[in-house]
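# Coordinate analysis (summary)
Single-letter residue listing:
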Amino acid sequence: MRTGGGVALMSARRTGEAGRLGNTVGQYLCSDLACSLYTRGRKETAGGDFEETLTVEERVARTRDNLAGFIAKVVA
């Protein structure tokens, strides 16, 4: 979990007819695209991150699930 800064809304056009009509989906991601490093504790934000009770493995699984959900929305 990132604090107030350092995130950006990334968007992608949906596939198929929805995309041809201009429909997009979005997901907030680390603006420097280093989400995996933050998730694993290998990089910290200047202002600090929220303290979590999840293990590193649980945080990695959450990040993967969020990415998979975003991709599923793009191709749906």
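Look above for the structure.
The text that follows walks through the structure, step by step, so that each part is easy to find. (Residues numbered from 1 in each chain as written. Predicted model: local features only at pLDDT ≥ 70, side-chain atom pairs only at ≥ 80, totals over all residues. Heavy atoms only, no water.)

### Description of the overall build of the protein
Within the protein, the secondary structure is distributed over three helices and two strands. When the helices and strands of the protein are placed in sequence order, the string is β-α-β-α-α. Here the C-alpha radius of gyration of the protein, 14 Å, is well above what a compact globule of 76 residues would show, namely 11 Å. By the burial criterion, 18% of the 76 residues in the protein qualify as buried. Taking the 11 positively charged and 9 negatively charged side chains of the protein as two groups, their mean positions are separated by 9 Å. (Helix = DSSP H or I, 4+ residues; strand = E, 2+ residues; numbered from the N terminus. Rg over C-alpha atoms; globule rule 2.2 N^0.38 Å. Buried < 20%, exposed > 50% of the residue type's maximum accessible area, 1.4 Å probe, protein only. Lys, Arg positive; Asp, Glu negative; His and termini not counted. Charge placed at Lys NZ, Arg CZ, Asp CG, Glu CD.)

### Focus on the pattern of salt bridges
One pass over the structure, following the stated rule, counts three salt bridges. For Glu-17, the salt bridge identified is with Arg-20, shortest N-O distance 3.4 Å. Linking Glu-17 with Arg-20, this pair stays in helix H1 (residues 16-20), spanning three residues, or about one helical turn. Judged by relative accessible area, which is 47%, Glu-17 ranks as partly exposed. In this structure, Lys-43 engages Asp-32 in a salt bridge whose closest nitrogen and oxygen atoms are separated by 3.1 Å. Taken as a pair, Lys-43 in the loop between helix H2 (35-39) and helix H3 (56-75) and Asp-32 in the loop between strand E2 (24-30) and H2 lie far apart in primary sequence, eleven residues in all. Taking the relative accessible area as the measure of exposure, Asp-32 reaches 37% and is therefore partly exposed. (Salt bridge = Lys/Arg side-chain N within 4 Å of Asp/Glu carboxyl O.)

### Section: the environment of Thr-39
Within the element layout of this structure, Thr-39 appears in helix H2. Thr-39 sits 32 residues away from Val-7 along the chain, and the two C-alpha atoms are 14 Å apart. If sequence neighbours within four positions are ignored, Thr-39 has contacts with Val-56, Arg-59, Val-60 and Thr-63. A distance of 2.8 Å separates a polar atom in the side chain of Thr-39 from the backbone oxygen of Cys-35. (Contact = heavy atoms within 4.5 Å. Polar contact = N/O pair within 3.5 Å; in protein donor to acceptor, adjacent residues only side chain to side chain.)

### With respect to unusual backbone geometry
A negative phi angle is the norm for most residues apart from glycine, just as the trans form is the norm for most peptide bonds. Located in the positive-phi region is Leu-33, a residue other than glycine, with phi close to 60°. Note that Leu-33 resides in the loop between E2 and H2.

### Details of the side chain of Arg-59
Tracing the backbone through its elements, the reader meets Arg-59 in helix H3. Among the polar contacts made by the side chain of Arg-59, one reaches the main-chain carbonyl oxygen of Leu-54 at a distance of 3.1 Å. Sequence-distant contacts of Arg-59, defined by excluding residues within four places in its chain, comprise Thr-39, Arg-40, Glu-52 and Leu-54.

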